[in-house]
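# Observations on chain architecture
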Amino acid sequence: MEPIFLRMIHLSISASFLIPAVMLIRLILKKLPKWIPCLLWGIVAIRLICPLSLESRFSLVLWSNPIPVGEAHELEEKGEHRTSAEESYSSAESGLEIVNNQGTGENNLEDYLSGISYREESARQNAVTHFFLKNTHILSIIWIVGVTIMLLYALWTYRALRKRVAEAIPYKDNIWVCDSIDSPFILGVVCPRIYLPSSLNALEVCHVISHELVHLRRKDPLWKMLGFILLSVYWFHPLVWGAYILFGKDIELACDETVISDMDLQERKAYANVLLSSGIHRRVVLTYPLHFGEVGIKARVRAVKEYRRTTIGVKVAAIILCIVVAVCFLTIPVKPVIAQDNSVTSEKNIASGEFIEGEKRNELVCLSETAAEDLPGVKGEKKDKSPVYETENIVYEFDGCTVEPRWCAYDGLTLFVGYDVTNRKDDTVEILVSAENSAADTTYEKMQSPDGIVIMNAVIPFACYRPTAEIIFSSSDHNDSKKYCLPIEITEGNQAVSKDVDCHIKLPSSSEDIHITHIDITKNAICLKLDTTSLWEDTTIYGWKNIAKLKNGTSRVLSNGQEPLVFRDDTNLYLRYTHSSIEPGQISEIIFTTEDGREASMDISSSSRG
Amino acid sequence: MEIQLGVVESKFADMIWANEPVSSTELVKMTAKEFSWARTTTHNVIRRLCDKGIFVNNKGTVTSLISRDEFYSMQSKQFVEDSFSGSLPAFIAAFTKNSCLSEKERKEIRAIIDEMEG
C-alpha cells in the first residue's frame, strides 16, 4: 500500500499545478461553452489517475521531484531483481539523473551548470520527500482511513436516498415522481432513474425532464461518480475538492447549454422563467448520488440569456487549448543531466598540465572542518549521512551462522554495508562481503553486541563509477559454499560526476606522459583512470600529494595527504583518492604535487571551454 | 384539522377509496403492480395515512374514516382559512418553502430574462 500512497502523493503534487491553471483558464475564458471546462477537468482526472509522465521542455510543472518509490521497498533477496518498470521509475525519476556510462544526456555546459542549481532546488524538495519517507507508514494509514470514510459516506447517502424515494410512483420510462423530495435528481449510475418532486407544475415538469434527460445522455452520472471516487482518493487535497465542486457546476451549465441549444428565443425565455419560478433549491453537490445541486438560479438564467451557438472555430480553438494544457501539465520538465563527455576527441582536451618547474605553491589552504582523523582514509571510512537503504527481514543462512544485512549506502565509488552475524557454533565464522569489480579488499569494522551478535560494518571501494552493484556475502568457512547476492543501486541523494577527460601530465623522469582518460568523483572519493599500465611499477605516483581545488577558492587535501590506492586491470590503472564530503560538482581542479614540490594541475570544471 | 397529502399519497388514498374495504395484502399487490412498491413501503404509507386520521387498519382491512368528498372539501376550507384569516407568515412560508430566492433576486432575474434578445 505504501508505494501506491507515495505515487499518489507525487501525482497530487503535479496536480497542484494543473488544477489552478484550469481554474484560471475557466475564469478567463468564461464565455466559452461549458463543455470545454468539462474537458479540462477530464485532463485533471487523467493527471490524478495516470502515474506515467513524459518529459517535455514545455512542462510547467515546477516540482517534479518524486518520492523515489524504491526507498519504500524492501530489498529483495538473491537473484531477484526489481521489475523493470519499478527500476526505470526509481532511477529515471530520482531528482537528478546520474550519469551512466551509457548515458543519454545532452553534452553541454548549460546542462551541467543547471544541474547544479537544480540540485539545490531539489535539496529543498528532498526535505519534504524526506518527511514523507520517514512517516510513510502512518501517513498511508491515515489516508486509507480517509478514503474509507468518504466511500462509506457515499454509500450511506445513497442508501438514505433510496429509502427516501421508496414511495415514488412511476411517471414515464425511468422517470419517477416522489412526494418527499424537494428537487429533481438522478439516482443510480448503471440503471439511472430520474426522480421529480411532486410539487412541479406541468411546464416545469417538461423542462426539468429535458434537463435531466440531457444529463443522462451526456453520461453525467458516470462522470460525477468517477469524480467522487477521485475525490475520495485525494480527500486530503483542498484543490481537488475545489476542482470537484467547479466540475459539478460546469456539468450543470453544460447540460443547460445542450438543452437550450435547440430552442429558439421564445422557448429559451420560457426555460429561463421556469428556472426562476420553480425556485429549485440551490445546493452544492458533494455526494455521490446525483443530487445535482443547482448552480445558482441567477447564473443559470444569465447563461441561458447569453447562449450563443458555438462555431467550428471555437471548437478547434478548444481542442488546441486542451492539447496545450495537457502538454504543459501532464508532462514533467526535462531533467538536467550532469555533463558527460562521451567522446574523447582532441577538441575536448579539457586540461593538459605540465609540471611547472621550479614553482612552489606556498599557500595551501587545507580546509578541514572536521578533525584530521575524520578525513576518510582507506581504513575506517565512516558512513555517509546521506540516506541509506534500510534492509529489513533479509536473513541469509550459512552453515555456522545467520547473517542479516541491516543497511547499505552506495554512491558509485564506495559501498558501505552494515550487517549482523549471529553465530551458531562456538567458533566464530567470518562473513566476508565483496562486490564484483570492486577495486580492493573490503575493510571491516567489527563490534560485539552484549547478546552475542557480531555487528559488522564494511567498506568496499571501487575503482570506477558504477551505477549498480551487488554485495556478495560469503563465509570464510571453506566448507560452506553458499553465497548470497544483494543488488543495490545508487542511494538517492548521492550525486556524482563522471566524465571522460583527456589530460596529459608530463613526468619529469621519463618521456611518457600520464594520460588521464576518465574521472569519477563522488562525495567521498575521486578515481582517476589512466590509460597505461606501465606505471604500475613506477613509484612516483605513489608519492604524489593531491589537492582538490574547489570552485569557491578553497582547497582540500586528498586522501589525508597519504598515497592513493592504485589498481590495475588489463589496460588501465586507477588511482583512487579519498576526501571528506566535497560536493562533486564543486571541484574545479585537481593539483598533483610531487615530493619535491613540483606540480601540475588538471582542470575539471569545464569552465575553460568556450 | 389540517391534513396534508402529497401527490403520491393522494394517488394511493384514491386507490383505497376506490376499493374499500380492502385488505392490506390486496393493496400490496395493487401497488406492486402500479407503482412497483415494496411490501414494506406500502405498509408504511398505510400506517402514515392511518396516523393522519383518514383511514383505519382493522386487523388487516383498511377502511376510510373520512370519505373522499369530505376530505377534499376540508382541504378547500383549510386553504381559504389559511389564506385569509390564518397566520400570514405561515402562509407565506408554506408558499415559498421551496424557494431560496429573495424578492430582490427575483426582480433581478426577471430583468435578465426580459432583456433576452435573439
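### What about the nonpolar core?
Residues and elements named next belong to chain A. Ranked by internal contacts, the top residues of the largest apolar core, which has 41 residues, are Trp41 and Ile43. Elements that contribute at least two residues to this core include exactly helix 1 (2-28), helix 2 (35-49), helix 6 (136-164), helix 8 (220-233), helix 9 (238-260) and helix 12 (312-329). No other element matches helix 1, which puts 12 residues into this core. Contacts of Ile43, omitting those with residues within four sequence positions, involve Leu18, Cys322, Val325, Ala326 and Leu330. In this structure, Ala435, Val454, Leu486 and Ile490 belong to the second largest nonpolar core, which totals 32 residues.

### Here's the deal with helix 6 of chain A
Spanning 29 residues, helix 6 of chain A covers 42 Å between terminal C-alpha atoms, matching the ideal 42 Å at 1.5 Å per step. Along helix 6 of chain A, the residues classified as buried are Thr136(A), Leu139(A), Ser140(A), Trp143(A), Gly146(A), Val147(A), Met150(A), Ala154(A), Thr157(A) and Leu161(A).

### Remarks on the packing of helix 7 (residues 202-217) of chain A against helix 9 of chain A
Residue and element names in this part refer to chain A. Closest axis-to-axis distance for the helix 7/helix 9 pair is 9 Å, and the angle between their directions is 110°. In this view, helix 7 runs roughly perpendicular relative to helix 9, as classed from their interaxial angle. For the crossing formed where helix 7 meets helix 9, the hand is right-handed. On the side of helix 7, the interface is formed by Ser210, His211, Val214, His215 and Arg217, while helix 9 contributes Ile251, Glu252, Cys255, Asp256, Thr258 and Val259. Counted by class, the contact of helix 7 with helix 9 contains four nonpolar, four polar and three charged residues.

### So, the confidence of the model for chain A
All names here are of chain A. Put simply, chain A has an average pLDDT of 70, and 68% of its residues get 70 or more. Low pLDDT, under 50, characterises residues 66-120; the stretch is placed with 124 contacts to residues that sit more than four places away or in other chains. Long-range and interchain partners of residues 280-294, a stretch whose pLDDT sits below 50, account for 63 contacts in this model, where long-range means more than four residues apart.

### Details of unusual backbone geometry
Residue and element names in this part refer to chain B. With omega at -5°, the peptide bond leading from Glu20 into Pro21 counts as cis. A positive phi angle is found at Ser36, which is not glycine, with a value near 60°. Here Ser36 is to be found in the loop between helix 2 (24-35) and helix 3 (39-51). Backbone geometry places Lys59, a non-glycine residue, at a positive phi of 50°. Within the secondary structure, Lys59 sits in the loop between strand 2 (55-58) and strand 3 (61-64). When its relative accessible area of 82% is taken as the criterion, Lys59 is described as exposed.

### As for the sheet that holds strand 20 (residues 545-550) of chain A
The strands that make up a sheet are held in pairs by hydrogen bonds between backbone atoms, and each pair lies either parallel or antiparallel. Residues and elements named next belong to chain A. Strands sit in the order 21-20-24-25 across an open sheet of four strands; the sheet is antiparallel. Only two strands of the sheet have a single partner each, and these edge strands are strand 21 (555-557) and strand 25 (599-603). Neighbour-to-neighbour, the strand axes of the sheet open up by a mean angle of 25°, direction not taken into account. Where strand 20 meets strand 24 (residues 587-593), six bridges bridge the pair, whose relative direction is antiparallel. Pairing of Leu550 across the sheet is with Ile587, part of strand 24.

### Comments concerning the packing of aromatic side chains
Taken as a whole, this structure holds 17 aromatic pairs over all chains when the rule is applied. Between the aromatic rings of Trp176(A) and Tyr195(A), the centroid separation amounts to 6.5 Å while the plane-to-plane angle is 40°, which identifies the pairing as tilted. Taken together, the residues Trp176(A) in strand 3 (residues 175-178) and Tyr195(A) in strand 5 (residues 193-197) connect sequence positions 19 residues apart. Between Phe12(B) and Trp37(B) the ring centres are 5.6 Å apart and the planes differ by 50°, which places this aromatic pair in the tilted class. You can see Phe12(B) sitting in helix 1 (residues 7-19) and its partner Trp37(B) sitting in the loop between helix 2 and helix 3, a full 25 residues away along the chain. For the pair shown, Phe12(B) and Trp37(B) are each scored as buried. Put simply, the rings of Tyr396(A), Phe398(A), Tyr419(A), Phe473(A) and Tyr484(A) touch in pairs and so form one group of aromatic residues.

### Side note on the pairing of strand 23 (residues 573-578) of chain A
All names here are of chain A. Counting buried positions along strand 23 yields six of six residues, so the element is predominantly enclosed. Neither face of strand 23 is left uncovered, since the one carrying Leu573, Leu575 and Tyr577 and the one carrying Tyr574, Arg576 and Thr578 both have all their residues buried. Pairing analysis gives six bridges linking strand 19 (residues 525-530) to strand 23, with the strands arranged antiparallel. Residue pairing in the sheet places Cys527 in a bridge with Arg576 of strand 23.

### Regarding the pattern of salt bridges
In the structure shown here, the tally under the stated rule is eight salt bridges over all chains. For Glu167(A), the salt bridge goes to Arg48(B), with nearest N and O atoms at 2.5 Å. Of this pair, Glu167(A) sits in the loop between helix 6 and strand 2 (169-172) while Arg48(B) sits in helix 3, placing the two residues on different chains. Classification of Arg48(B) as partly exposed rests on a relative accessible area of 30%. The residue Lys52(B) makes a salt bridge to Glu9(B) at a minimum N-O spacing of 3.3 Å. Linking Lys52(B) in the loop between helix 3 and strand 2 with Glu9(B) in helix 1, this pair joins segments that are 43 residues apart in sequence. Connected through salt bridges with shared partners, the residues Glu167(A), Glu9(B), Arg48(B) and Lys52(B) form a single ionic network.

Definitions and cut-offs
- Residues numbered from 1 in each chain as written.
- Chains lettered and ligands numbered in written order.
- Predicted model: local features only at pLDDT ≥ 70, side-chain atom pairs only at ≥ 80, totals over all residues.
- Heavy atoms only, no water.
- Core = buried A, V, L, I, M, F, W, Y, C linked by side-chain atoms within 4.5 Å.
- Buried < 20%, exposed > 50% of the residue type's maximum accessible area, 1.4 Å probe, protein only.
- Helix = DSSP H or I, 4+ residues; strand = E, 2+ residues; numbered from the N terminus.
- Contact = heavy atoms within 4.5 Å.
- Expected span 1.5 Å × (residues − 1).
- Axes fitted to C-alpha atoms, helices over the stretch in contact; angles between N-to-C directions.
- Parallel < 35°, antiparallel > 145°, perpendicular 65-115°, else oblique.
- Left-handed = near helix turned anticlockwise from the far one by under 90°.
- Nonpolar A, V, L, I, M, F, W, Y, C, P; charged D, E, K, R; others polar.
- pLDDT = per-residue confidence, 0-100.
- Pairing = 2+ DSSP bridges.
- Phe/Tyr/Trp six-rings, centres within 6.5 Å; stacked < 30°, edge-to-face > 60°.
- Salt bridge = Lys/Arg side-chain N within 4 Å of Asp/Glu carboxyl O.

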